[in-house]
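# An overview of the molecular structure
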Amino acid sequence: MHNAALAELGMAGEWGYEAIDVAPDRFEERVRAMPGEGFVGANVTVPHKGAALSLADELSETAREIGAANTLAFEDSVVRAENTDAEGLLRALPASPAGQRALVFGAGGAARAVVWALLREGATVDVWNRTALSARYLCEEVGGEPVSAPDDQRDYQLIVNSTAVGLRGEDVFTQLPVYRRRFTAEQVVVDIVYGHEPSELLRAAAAAGAQTVDGIEVLVQQGALSFQIWTGREAPLDTMRAAARA
Ligand code: ATR
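Residues numbered from 1 in each chain as written. Predicted model: local features only at pLDDT ≥ 70, side-chain atom pairs only at ≥ 80, totals over all residues. Heavy atoms only, no water.

## Observations concerning the packing of helix 10 (residues 215–231) against helix 11 (residues 237–245)
To keep it simple, the criterion reads: To get an axis, a line is fitted to the C-alpha atoms, and for a helix only the part in contact is used. The angle between two axes follows their N-to-C directions and goes from 0 to 180 degrees. Strands are runs of DSSP state E lasting at least two residues, helices are runs of H or I lasting at least four, and both sets are numbered from the N terminus onward. We call two directions roughly parallel when the angle between them is under 35 degrees, roughly antiparallel when it is over 145, roughly perpendicular when it lies between 65 and 115, and oblique otherwise. For a crossing to be left-handed, the near helix must be turned anticlockwise from the far one by less than a right angle; the clockwise case is right-handed. Whether two residues are in contact is decided by their heavy atoms: any pair within 4.5 Å suffices. Basically, the charged four are Asp, Glu, Lys and Arg, the nonpolar ten are Ala, Val, Leu, Ile, Met, Phe, Trp, Tyr, Cys and Pro, and anything else, Gly included, counts as polar.
Their axes nearest at 10 Å, the elements helix 10 and helix 11 cross at an angle of 135 degrees. On the basis of their axis angle, the class for helix 10 and helix 11 is oblique. Viewed along their axes, helix 10 and helix 11 form a crossing whose handedness is right-handed. Residue-level inspection shows I216, E217, V220, Q221, G223 and A224 of helix 10 in contact with helix 11, the latter providing L237, M240, R241, A244 and R245. Here the contact of helix 10 with helix 11 is built from residues that sort into 6 nonpolar, 2 polar and 3 charged.

Next comes the structure, spelled out in structure tokens:
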């Protein structure tokens, strides 16, 4: 996705995006060496997201409030942590969630960004998580209402799955308090889990006429924002989307 964007903008000769595997106990040392090697930034993924936040010299207000960072930017040797997951989610939605009732599943780093973003836009957010205590902690720190049993599914205009359910083929309808036949055409349903096929959750929502947003769209939108932070250039969204979907 990023290399396709760089090629599109004629930057591929000078710039590149590559995967770096690093063990947790070498993470800080590896990141600290990167500015000197010519890197302008990095994305950070599991299991390093917490470590990225604590080693950063500066945090954007968003990363600090969410308590998670997915993007690092290097300026000289200063490491700045950013979170583009939140804004990326909002850009992936078909319309602003302002004034809507939202139900969010999950309480991990992804869920924190989702809840924070929806609240900032003026939605009301109920948070359900398999481990109820984590939902309570999330809401104490980020906001939203922890619920042990959501209201009627049809009462929410927006439903977001930000758990890992579905990644390994689990049945979403037995793992989450959501019913296959209780979506409505007025809803927006988001599944941040991504794969080659639409998830069962999104299939069921689409069958009821709901608008659906898949994890690849959220991935592309957060990636485009990170691209802009690193390069200072407007990201070619269509190119990134096509590369991600391929
Ligand atoms: P991330 O930071 O990417 O969000 P994570 O912190 O591992 O990843 O979070 C995974 C989320 O998926 C959690 O909310 C987890 O629920 P628990 O807090 O109860 O572990 C949720 N999850 C994973 N597998 C699940 C399952 N089979 N049923 C319900 N929730 C599940």
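## What about the packing of aromatic side chains?
Defined as follows: Two rings belonging to Phe, Tyr or Trp (six-membered ring only in the last case) form a pair when the distance between their centres is within 6.5 Å. Interplanar angles under 30 degrees mark stacking, angles over 60 mark edge-to-face geometry, and anything in between is tilted. For the exposure calls, accessible area comes from a 1.4 Å probe over protein chains only, and a residue counts as buried if that area is under 20% of its type's maximum, exposed if over 50%, partly exposed in between. To sit over a ring, a charge needs its Lys NZ or Arg CZ within 6 Å of the ring centre and within 35 degrees of the ring normal.
Counting across every chain of the model gives 2 aromatic pairs. Relative to W230, the ring of Y17 lies with its centre 6.0 Å away and its plane at 40 degrees, an arrangement referred to as tilted. Here Y17 is found in the loop between helix 1 (2–8) and helix 2 (27–33), whereas its partner W230 is found in helix 10, with 213 residues between them in sequence. Among the residues examined, W230 registers a relative accessible area of 12% and is labelled buried. Consider the rings of F105 and W128, whose centres lie 5.9 Å apart with planes at 85 degrees: the pair is edge-to-face. Taken together, the residues span a long stretch of sequence, with F105 in strand 5 (residues 101–105) and W128 in strand 6 (residues 124–128) at a distance of 23 residues. For F105, a relative accessible area of 0% translates into the label buried. A relative accessible area of 12% means that W128 is categorised as buried. One Lys or Arg, R182, reaches over the ring of Y179 and ends 4.3 Å from the middle of that ring.

## Some remarks on the sheet that holds strand 5
Heads up, the condition is: Any two strands are treated as partners once DSSP identifies two or more bridges connecting them.
The 6 strands are arranged 7-6-5-8-9-10 in an open sheet whose pairing can be described as parallel. If you trace the sheet from one side to the other, it starts and ends with strand 7 (145–146) and strand 10 (211–214), each paired once. Direction of pairing for strand 6 relative to strand 7: parallel, over a ladder of 2 bridges. Of the residues in strand 7, the one forming a bridge with D126 is E145.

## Describing the packing of helix 5 (residues 85–92) against helix 6 (residues 109–120)
Here helix 5 crosses helix 6 at 60 degrees, and the two axes come no closer than 8 Å. In terms of orientation, helix 5 lies oblique with respect to helix 6. The two elements helix 5 and helix 6 cross, and the hand of that crossing is right-handed. When helix 5 is examined against helix 6, the residues D85, A86, E87, L89 and L90 are found in contact with a partner set consisting of A113, V114, W116, A117, L118 and R120. Per-class residue counts for the contact of helix 5 with helix 6 are 8 nonpolar, no polar and 3 charged.

## A look at the sheet that holds strand 4 (residues 78–82)
An order of 1-3-4-2 is seen for the 4 strands of this open sheet, with the pairing classed as mixed. Each having just a single partner strand, strand 1 (41–43) and strand 2 (58–59) make up the two edges of the open sheet. Looking at chain direction, strand 2 and strand 4 are connected through 2 bridges and run parallel. Counterpart to E58 in the pairing with strand 4 is R80.

## Focus on the site of the ligand
For clarity, the threshold we go by: For this purpose, a residue is taken to be near a molecule or strand whenever a single non-hydrogen atom of the residue falls within 4 Å of it. Pairing of N or O atoms within 3.5 Å defines a polar contact, subject to two protein rules: one partner must be a possible hydrogen donor and the other a possible acceptor, and residues neighboring in sequence count only if both atoms are side-chain atoms. Computed by Shrake-Rupley with a 1.4 Å probe, the accessible areas treat only the displayed protein chains as cover when residues are assessed.
Around the ligand, the structure places G106, A107, G108, G109, A110, N129, R130, T131, T163, A164, V165 and Q175. In this structure, an oxygen atom belonging to the ligand sits 2.9 Å away from a main-chain N or O atom of G109. R130 has a polar side-chain atom sitting 2.8 Å from an oxygen atom of the ligand. Contact with the protein chains removes 69% of the 640 Å² of surface that the ligand exposes when unbound. Considered class by class, the residues forming the shell around the ligand number 4 nonpolar, 7 polar and 1 charged.

These figures come from the coordinates and say nothing about function on their own.
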